[in-house]
Amino acid sequence: MADHSLATPAHGARASNVSALKRFFQATEIDTRLLGMVIALGIIWVGFDILSNGLFLTSRNLWNLSVQAASVSVMATGMVLVIVTRNIDLSVGSILGFVGMIMAVLQARILPPIIGFEHPMMWIIALSAGILVGTAIGALHGAIIAFLGVPAFIVTLGGLLVWRGAAWMVTSGATVAPMDTTYRLMGGGADGSIGVTASWIVGLVACLMIVLTILNTRRQRRRFGFPLRPVWAEYFLVISGCIAVLGAVWVANSYYMPVNLARRYAEANGIAWPEGGLQIGLGIAVPVLIAIGIAMVMAFITNRTRFGRYVFAIGGNPEAAELAGIKVKWVIVKLFALMGALCAIAAAISTARLNAATNAQGTLDELYTIAAAVIGGTSLAGGVGTIAGAMLGAVVMQSLNSGMVLLGLDTPLQSIVIGIVLVVAVWLDTVYRSRAK
């Protein structure tokens, strides 16, 4: 009797805790899969920090990690929509390499004799040309897939080979450098950062946007008679969101300019060099801002436009979407054209960061991009995926790379680990969908 009387309250307390946790998630409407990824990312960061004797969770490493993840993050936002429609794009890395080479040749060889090397329009012309070329390549792939009926796997596998070879043919495999000074800002570095003050301003603006978004969502729900979140849940989302944003800004501002660059900065701006040196915070890197901006635009397209709804409708049931009057073929063409444009933007970030275009640029980026989307919760069965998840997936992938480099692991072992992570992510997605059914 004593054992039974003690067990009953424990079971009741356990059920009460589960019930309270469930009520919390229902009230805040937090995506549990996304939360699980955040927790997994935290575990990865802490684990690598312990194994690297505190080197991983430094402002320098986290700043570099964010810059290195930017190009894959940009492409992953488009890959989400491609996979949602039950397609795949294996050519994104090769498109990045080809378009990056085109933009580099324009800046280093074609435009300088015409307008001068450091002309203010140099980077605009190069970037615009790259986006046009990337969009055209993506539209070509989409047209072959949609109108000729060739599977996306085969078309983009062919594109992987074709555009990698085309990148080599542009310069016969030679590296092209240097890039325009303004263009290089898109790659980050000491000059490609916005500084401490501007970073805090960006953080405060982001917090204001979070507040306005929550208020607008509540207003729209009340207008259409939808259930409202509890007020405490709204406060929780605002506070936690602002803490995350301002914490990220603080980390970015905590990474100081290296001594040589700081000395050069002081000389250029007539600042006396103190005995203890100068601590100049770099702030948020430009490529990170580009990636975040692209993610916001893609989230808007996904959630707020007819095109985004069509994409998810096609992924849910292509036949039903066709019968509903959706021009599925043209949506596919537009989707792959969008993917090509995103590859061009990623190419600009990559070439600007290296200050050069090489024949190996973008190699294996298609695998990292697909892995970022899948790890971020995009289902290979179609119809399910989020932009935020893809961005988080890209950070997870780069965290694994960065951590293994700090530990001195060989490249083959790094590939093995990433391959295992990708397989486990797909398996977890399969388990999740089977339980949902």
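As a reminder, the structure under discussion sits directly above these lines.
This structure is a prediction, so every number in the text was calculated from the model and none was measured. (Residues numbered from 1 in each chain as written. Predicted model: local features only at pLDDT ≥ 70, side-chain atom pairs only at ≥ 80, totals over all residues. Heavy atoms only, no water.)

Enquirer: What's the story with the overall build of the protein in this structure? I'm lost.
Expert: Counting secondary structure elements, the protein contains 19 helices and zero strands. Compactness check: the protein gives a C-alpha radius of gyration of 24 Å against a globular reference of 22 Å for 437 residues, within 12% of the reference. Structurally, the protein occupies a C-alpha span of about 90 × 70 × 50 Å along its principal axes. A burial count over the protein gives 42% of its 437 residues as buried. In the protein, the proportion of contacts linking residues at least 24 apart, taken out of those at least 6 apart, comes to 79%. Entry remark: accessible area of the protein is about 22100 Å², with carbon and sulfur atoms responsible for 68%. Within the protein, one finds 27 positive and 17 negative side-chain charges whose respective centroids are separated by 12 Å. (Helix = DSSP H or I, 4+ residues; strand = E, 2+ residues; numbered from the N terminus. Rg over C-alpha atoms; globule rule 2.2 N^0.38 Å. Buried < 20%, exposed > 50% of the residue type's maximum accessible area, 1.4 Å probe, protein only. Contact = heavy atoms within 4.5 Å. Areas by Shrake-Rupley, 256 points an atom, 1.4 Å probe, with all protein chains shown as cover. Lys, Arg positive; Asp, Glu negative; His and termini not counted. Charge placed at Lys NZ, Arg CZ, Asp CG, Glu CD.)

Enquirer: It is not clear to me how the environment of G78 should be interpreted in this structure. Could you clarify?
Expert: Along the chain, G78 falls in helix α4 (residues 70–84). Apart from residues no more than four positions distant in its own chain, G78 is found in contact with M298, M339 and L342.

Enquirer: Looking at this model, I keep getting lost on the environment of L278. Mind explaining?
Expert: Within the secondary structure, L278 sits in the loop between α12 (259–268) and α13 (286–304). What makes L278 partly exposed here is its relative accessible area of 25%. For the pair L278 and A136, spaced 142 residues apart in the sequence, the C-alpha separation amounts to 48 Å. Excluding its chain neighbours within four sequence positions, the residues that come into contact with L278 are A262, A266, I271 and W273.

Enquirer: Is there a simple way to explain the packing of helix α7 (residues 122–147) against helix α8 (residues 152–171) in this structure?
Expert: Helix packing geometry: the angle between the two helix axes and the distance between the axes. Close contact between α7 and α8 brings their axes to 9 Å; oriented N to C, the two are set at 145°. Once α7 is placed against α8, the crossing between them reads as right-handed. The segment α7 lies against α8, with I137, H141, I144 and I145 engaging A152, V155, T156, G159 and W163. (Axes fitted to C-alpha atoms, helices over the stretch in contact; angles between N-to-C directions. Left-handed = near helix turned anticlockwise from the far one by under 90°.)

Enquirer: I'm lost on the side chain of T369 in this one. Help?
Expert: Tracing the backbone through its elements, the reader meets T369 in helix α17 (residues 365–375). Take T369: its relative accessible area is 0%, and that puts it in the buried class. Those residues within four positions of T369 in sequence are excluded, and the remaining contacts are V72, M75, A76, M79 and V92.

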